[in-house]
Amino acid sequence: TPRPTRNPTAKPTEPPKMLWYPDISTSRCLKNPQYIPPMVPSFETYQTCCNYAWIVYVDDCLADAETKANVFYPDYFTGFCRNDGRQSSHEKNLYPTAKACCLHPSMDYEVCMEKFEYPNGKVYYPDYFFSICRHDGKQSLAETNLFTSLEDCCGVKWLDTGSCLANSPS
């Protein structure tokens with residue numbers, strides 16, 4: 001728009017693609033739908049990424065990416081399992097499915113699986129800045145306050161329950 005308006009512009013609802021990007025420091029390709037470093041190209045396949053000019057050891061990159069591409073690993077900090085290819089080279093707990101990963105002894109299975117059972121906006125999460133709850137599937141990977149109902153979400157101690165219930169998108 002030529003000038004700012006009070007109404008926000010609608011954003012596309014298509015989920016982010018799982019893109020690969022070259023990491024020059026390791027001569028490997030990483031994938032992360034939430035973050036691609038600025039001014040770094042991204043690719044839809046790890047094969048294309050590994051053949052990018054920045055990657056010096058193409059065969060090693062391909063082998064590493066193939067291993068990381070299709071596995072889930074526990075993120076011990078958030079309590080969720082990830083499959084973004086960013087697991088440590090020391091991580092030995094690699095699983096073929098989210099369910100298998102969430103069964104890892106250090107994971108709370110029900111909490112961990114919520115991330116996968118409700119990936120497309122069926123889970124409510126608090127938007128602390130606007131003091132509302134959303135259910136658009138765009139919660140942070142670090143967000144642990146996930147709920148199956150608007151009422152439960154608005155009951156989070158950092159939100160005003162009445163205002164949250166009245167102003168949250170339906």
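Parameters and conventions
- Residues numbered from 1 in each chain as written.
- Predicted model: local features only at pLDDT ≥ 70, side-chain atom pairs only at ≥ 80, totals over all residues.
- Heavy atoms only, no water.
- Helix = DSSP H or I, 4+ residues; strand = E, 2+ residues; numbered from the N terminus.
- Buried < 20%, exposed > 50% of the residue type's maximum accessible area, 1.4 Å probe, protein only.
- Contact = heavy atoms within 4.5 Å.
- pLDDT = per-residue confidence, 0-100.
- Salt bridge = Lys/Arg side-chain N within 4 Å of Asp/Glu carboxyl O.

### Topic: the overall build of the protein
Then comes step 1: When its secondary structure is counted, the protein shows six helices and six strands.
Then comes step 2: Taken from N to C terminus, the helices and strands of the protein fall in the order β-β-α-α-β-β-α-α-β-β-α-α.
Then comes step 3: Taken over 170 residues, the protein has a buried fraction of 36%.
Then comes step 4: Of all intrachain contacts in the protein linking residues separated by at least 6 positions in sequence, the fraction that spans at least 24 positions is 43%.

### Quick word on the confidence of the model for the protein
Then comes step 1: On average, residues of the protein carry a pLDDT of 78, and 78% of them reach 70 or more.
Then comes step 2: Across the protein, the secondary-structure element scoring lowest on mean pLDDT is helix α4 (residues 109-117), at 75, and the one scoring highest is helix α6 (residues 161-167), at 93.
Then comes step 3: Note on residues 12-16: pLDDT is under 50 here. Beyond four places in sequence and across chains, it has two contacts.

### Structural notes on the pattern of salt bridges
Then comes step 1: Considering all chains together, one arrives at two salt bridges under this definition.
Then comes step 2: For R82, the salt bridge identified is with D75, shortest N-O distance 2.4 Å.
Then comes step 3: Residue classification places D75 among the buried residues on the basis of a relative accessible area of 15%.
Then comes step 4: Ionic pairing is found between D127 and R134, a salt bridge with its closest N-O pair at 2.6 Å.
Then comes step 5: By relative accessible area, D127 is classed as buried at 14%.

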